[in-house]
Amino acid sequence: MPERRPNILSSSLRYKKRYIAYKIICDKDMEFSELSNAMWHSILDYLGEKFAAEARVWILKSTFDPKTRTGLIRTSHIGTENVRAALSFVQKVKDEKVIVQVLGVSGTIKAANQKFFGHRDLRSFS
Amino acid sequence: MKFYDSQIFTNLSVGEDSLEKMAETAKALGYSTIVIADLFQGLDRFKLFLEEVQKVKVDGLEIITGVTIEAKTVDEMKNVLSKVRDKVFVVIVNGGDYAINRAVVEDSRVDILMNPHMGRIDSGLDEACLNFAKQNGIAIGINFRPLLKSFRRQRSLALQNISTNLELCKDFKIRVVGCSGAMSKWDMRDPRQLVAIANSFGLDLGSGFSALTGTPLEIIEKNRKILAGEAVKGAEVI
């Protein structure tokens, strides 16, 4: 029997999401899990468990591109500035020195991909 | 928007990376101007430093000369200050000791008092200091590097003192300057992230932006005019 799930809330009842686009400046390639660990460590260190929960942080694995070392982090709209600040405290990913550069903030994944990573869909050619 | 990093160290003094590397990283992170404010280590090294900075050119990035003074006594600070004031655009004094903090804010030749809370359990500024800082137009500097390199209790204490100082600066209408204080290219951060950190201390976004844009620009422009002979303290040729 399939697991029952609650229905999706109407948009006015859902929290407002923001997507932070980032780029990793470093000398070597890295795996997503290592980067995610370093980011979570830094966010929890700086914001603490309570504010990290309020910021509703989620580091999206599917958006991480190991070639360009770019990706997206989902937060709530009230937590954006705090998460941006917390990301500046990431210093190392598995003993490799890094800088996490925030490229910008967007309201949807699609807009973030178009604005910061130069993705195009068919409509942009018409 | 043009962002300024007001204090960067290179391997010409205590930094780890060369001026070229620091400049390239700053450009990649979105800065339009950086102030190379190496630590003063004697007049000979200072002259060499000025020559080296003049040689480096990076497209799309302005490199300004500055100096950081770290003195143990007030006399030492004043002595160094008289030697370097008319040679650089930005003079920064590292604070921490209350006597130094007080002497800095009383001396209008200084541009920025950096980290007055450093190594202290209090914020390092009292009402008298704040009044002098306002009167002499001295900005209070917040350096990101000590935060980056400290952990847990140390970082918490530093954040607490910075937050107090920012609140006091807001009350007394004293200018605030934010900078990375980077000693290697890995210590540098995107300017918008430094604004976000200032914002998380309670500084509103507008003041956070002016700490990295308007205020450093004002300081540089003022000193540029003085060094070019177009202005003296308190008067300007129009």
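Summarised in this report is the structure supplied together with it.

With that settled, the discussion passes to the overall build of chain A. Of the regular secondary structure elements, chain A holds three helices and six strands. In sequence order, the secondary structure elements of chain A are arranged as β-α-β-β-α-β-β-β-α. For chain A, the spread of C-alpha atoms along the three principal axes comes to 45 × 45 × 35 Å. The 126 residues of chain A split such that 33% are buried. Put simply, 70% of the contacts in chain A that link residues at least 6 apart link residues at least 24 apart.

What follows covers the overall build of chain B. Each helix and strand counted, chain B has ten helices and nine strands in total. Here chain B has a C-alpha radius of gyration of 17 Å; the compact-globule value for 238 residues is 18 Å, and the two agree. Every one of the 238 residues in chain B was classed for burial, and the buried ones make up 46%.

This part is about the pairing of strand S3 (residues 70–76) of chain A. Where strand S1 (residues 17–25) of chain A and S3(A) come together, seven bridges link them in antiparallel fashion. Of the residues in S3(A), the one forming a bridge with Tyr19(A) is Arg74(A).

All names here are of chain A. Strands sit in the order S2-S3-S1-S6 across an open sheet of four strands; the sheet is antiparallel. The strands lining the two open edges of the sheet, one partner per strand, are strand S2 (58–59) and strand S6 (99–106). Helix H2 (residues 80–87) rests against S1, S3 and S6 of the sheet, and its axis sits at about 15 degrees to S1.

Once that is clear, we can look at the nonpolar core. Core analysis: the largest hydrophobic core is formed by 99 residues, its most contacted members being Ile20(A), Val90(B), Val93(B) and Leu113(B). Residue contributions to this core peak at eight residues, all from helix H1 (residues 32–55) of chain A. Those residues in contact with Val90(B) that sit more than four places away from it in its chain are Ser6(B), Val35(B), Ala37(B), Ile64(B), Gly66(B), Asp111(B), Ile112(B), Ile219(B), Ile220(B) and Asn223(B).

Next up on the list: the interface of chain B and chain A. Opposite the twelve residues of chain B that make contact, chain A presents twelve residues. Of all the elements, helix H8 (residues 191–200) of chain B adds the most residues to the side of chain B that touches chain A, at six residues. Its residues assigned to classes, the side of chain B that touches chain A shows six nonpolar, three polar and three charged.

Residues and elements named next belong to chain B. On the basis of which strands lie adjacent, the open sheet formed by seven strands has the order S1-S2-S3-S4-S5-S6-S7 and parallel pairing. Because the sheet does not close on itself, it has two edges, and the strands there are strand S1 (4–8) and strand S7 (176–179). Recorded for the sheet is a direction-independent mean angle of 30 degrees between the axes of neighbouring strands. Bridging between strand S4 (residues 90–94) and strand S5 (residues 112–114) involves three bridges; their strand directions are parallel. Bridging across to S5, Val93 finds its partner in Leu113.

Residue and element names in this part refer to chain A. For H1, with 24 residues, the first-to-last C-alpha span of 21 Å runs short of the 34 Å given by 1.5 Å per residue. Within H1, the axis deviates most sharply at Gly48, by approximately 105 degrees. Regarding H1, the residues found buried are Leu35, Ala38, Met39, Ile43, Tyr46, Leu47, Ala52 and Ala55. Summarising the contacts, the buried residues of H1 are in contact with S1, S2, S3, H2 and strand S4 (92–93). Just beyond H1, the residue with positive phi is Arg56, at close to 50 degrees.

Let us now look at helix H10 (residues 214–228) of chain B. In an α-helix, one turn spans 3.6 residues, which is why side chains three or four residues apart end up on the same side. Residues and elements named next belong to chain B. Taking 1.5 Å per residue as the helical rise, H10 with its 15 residues ought to reach 21 Å, and the 21 Å between its terminal C-alpha atoms agrees with that figure. Taken as a whole, H10 has its buried residues at Thr215, Pro216, Ile219, Ile220 and Asn223. For H10, the angular spread of buried residues about the axis comes to 130 degrees, placing them on one side. Away from its buried face by more than 90 degrees, H10 exposes Glu221 and Ala228.

Turning our eyes to something else, we now look at the packing of H2(A) against H8(B). The contact between H2(A) and H8(B) brings their axes to 8 Å, and the two run at 120 degrees. The angle between H2(A) and H8(B) places the two elements in the oblique class. Like other packed secondary-structure pairs, H2(A) and H8(B) cross with a definite hand, here left-handed. Between H2(A), through Glu81(A), Asn82(A), Arg84(A), Ala85(A) and Leu87(A), and H8(B), the contact on the second element is made entirely by Gln193(B), Ala196(B), Ile197(B), Asn199(B) and Ser200(B).

Rules of the game
- By convention here, each chain's residues receive numbers from 1 onward along its written sequence.
- For this description, chains carry letters from A and ligands carry numbers from 1, given in the order in which they are written.
- Residues qualify for local features only when their pLDDT is at least 70, as the model is predicted, and side-chain atom pairs are given and counted only at 80 or more; totals for whole chains, interfaces and linings, by contrast, use all residues.
- Numbered from the N terminus, helices here are DSSP runs of H or I no shorter than four residues, and strands are runs of E no shorter than two.
- Residues with at least 20 other C-beta atoms within 10 Å of their own are called buried, those with 12 or fewer are called exposed, and the rest are partly exposed. The C-beta atoms themselves are positioned from the backbone.
- Note on contacts: each residue gets a C-beta atom placed from the backbone, and two residues are in contact if those atoms are within 7 Å.
- In this treatment the radius of gyration is a C-alpha quantity, and the globule benchmark scales as 2.2 Å times the residue count to the 0.38 power.
- Each pair of strands is called paired provided DSSP finds at least two bridges between the two strands.
- Note on geometry: axes are C-alpha line fits, over the in-contact stretch for helices, and angles between N-to-C directions span 0 to 180 degrees.
- Residues enter a nonpolar core if they are buried, belong to Ala, Val, Leu, Ile, Met, Phe, Trp, Tyr or Cys, and are joined to the set through C-beta atoms within 7 Å.
- Polarity classes work like this: nonpolar for Ala, Val, Leu, Ile, Met, Phe, Trp, Tyr, Cys and Pro, charged for Asp, Glu, Lys and Arg, and polar for all others, with Gly in that last group.
- Here the expected span of a helix is defined as 1.5 Å times the quantity of residues minus one.
- Note that bend, as reported per residue, equals the angle between axes fitted to the 7 residues terminating at that residue and the 7 residues originating from it.
- Here, the arc refers to the directions that run from the helix axis to the C-beta atoms.
- Every angle not falling under 35 degrees, over 145, or within 65 to 115 is termed oblique; those three ranges are roughly parallel, roughly antiparallel and roughly perpendicular.
- Crossing handedness: left-handed means the near helix sits turned counterclockwise from the far one by under a right angle, and right-handed means the same turn made clockwise.

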